Amino acid sequence: SILFLDEPTTGLDSHTALEVVHILKDLCLSGMTVICSIHQPRSSIFQTFDTIFLLSQGETAYFGPVDGIVKHMEEVGLPGCKLPAKTNVADWILDLLENDDSSEQIVRAWNDQIKLEDADRGGEQLAAAGAPLTAKSRPNCCHQFAVLIERIHKQEAGQLFAFVGG
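Residues numbered from 1 in each chain as written. Predicted model: local features only at pLDDT ≥ 70, side-chain atom pairs only at ≥ 80, totals over all residues. Heavy atoms only, no water.

(A) Looking closely at the overall build of the protein chain. When its secondary structure is counted, the protein chain shows 6 helices and 5 strands. For the protein chain, the α and β elements follow one another from N to C terminus as β-α-β-α-β-β-α-α-α-α-β. Here the protein chain holds 166 residues, and the buried ones make up 34% of them. Partitioning the intrachain contacts of the protein chain with sequence separation of at least 6 by distance along the chain shows that 65% fall at a separation of at least 24. (Helix = DSSP H or I, 4+ residues; strand = E, 2+ residues; numbered from the N terminus. Buried < 20%, exposed > 50% of the residue type's maximum accessible area, 1.4 Å probe, protein only. Contact = heavy atoms within 4.5 Å.)

(B) Summary view of the side chain of Ser103. By the element assignment, Ser103 lies in helix 5 (residues 100-128). Take Ser103: its relative accessible area is 1%, and that puts it in the buried class. Sequence-distant contacts of Ser103, defined by excluding residues within four places in its chain, comprise Ser56, Gln57, Leu96 and Leu97.

(C) Expanded view of the pairing of strand 2 (residues 33-37). With respect to burial, strand 2 is a largely interior element, 5 of its 5 residues being buried. Here strand 2 shows two buried faces, one formed by Thr33, Ile35 and Ser37 and the other by Val34 and Cys36. Inspection of the sheet shows strand 1 (residues 2-6) paired to strand 2 by 5 bridges, in the parallel sense. Counted as the bridge partner of Ile2 is Thr33 from strand 2. Since strand 1 and strand 2 lie parallel, the crossover through helix 1 (residues 14-29) that links them has a hand, and here it is right-handed. (Pairing = 2+ DSSP bridges. Right-handed = clockwise from strand over helix to strand, strands pointing away.)

(D) Geometry of the pairing of strand 4 (residues 59-65). As judged from the 6 bridges shared by strand 3 (residues 51-56) and strand 4, these two strands associate in the antiparallel manner. Each residue of the ladder has a partner; that of Leu55, found in strand 4, is Thr60. Here strand 3 folds back onto strand 4 in antiparallel fashion, the turn holding 2 residues, of which Gln57 has a positive phi close to 50°.

Below, the structure is given as C-alpha cells:
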C-alpha cells in the first residue's frame, strides 16, 4: 500500500517533526511505501529518506537515492557547486535551485543523464529512427506522475520518498 502525505512536518517543532518522520520510516520498514512533500527539512530528517524526487519550477532536477544527490549536484559543474563542510544538504540544494540559471543547468544535467541512461537501455533506436521527444510528444504531467507512482509501488515497496520542491 501507498501513503501520500502533503507536508506532514509543517508547523511542528524540530523534535516532533523528526519523530513523525521516524514513524513514517517505521511504516516503510513494515512494507508500506510513503510518499510525502517536505519543505526545508533539517538534515536529520533529510537523511532519513531513502529516495528524493527534487523539483525545480515543475521540472525534475533529481530523482534517486538520498546518498547520490550530493555527487550528482557536484557533477553538474556549477561554480560553488561543492557541498561546504557542516552544511545541511537540503539547504544547500535549495540554495542552488534559487538561482534561475543554475536551476536550469541542474534540470538540463538531469535530463542529459536520463537521455544517456535511456540510450544505454535501447533509446538509441528511437533517436536513430529520428523520433526525438518534443514537448508535444511527451505524456502530460498527470500521466508521468501515474507512471512514476506505479514504478515506485512495483520496485520500491517499503521506501520513504520525499518530494522536495525548489
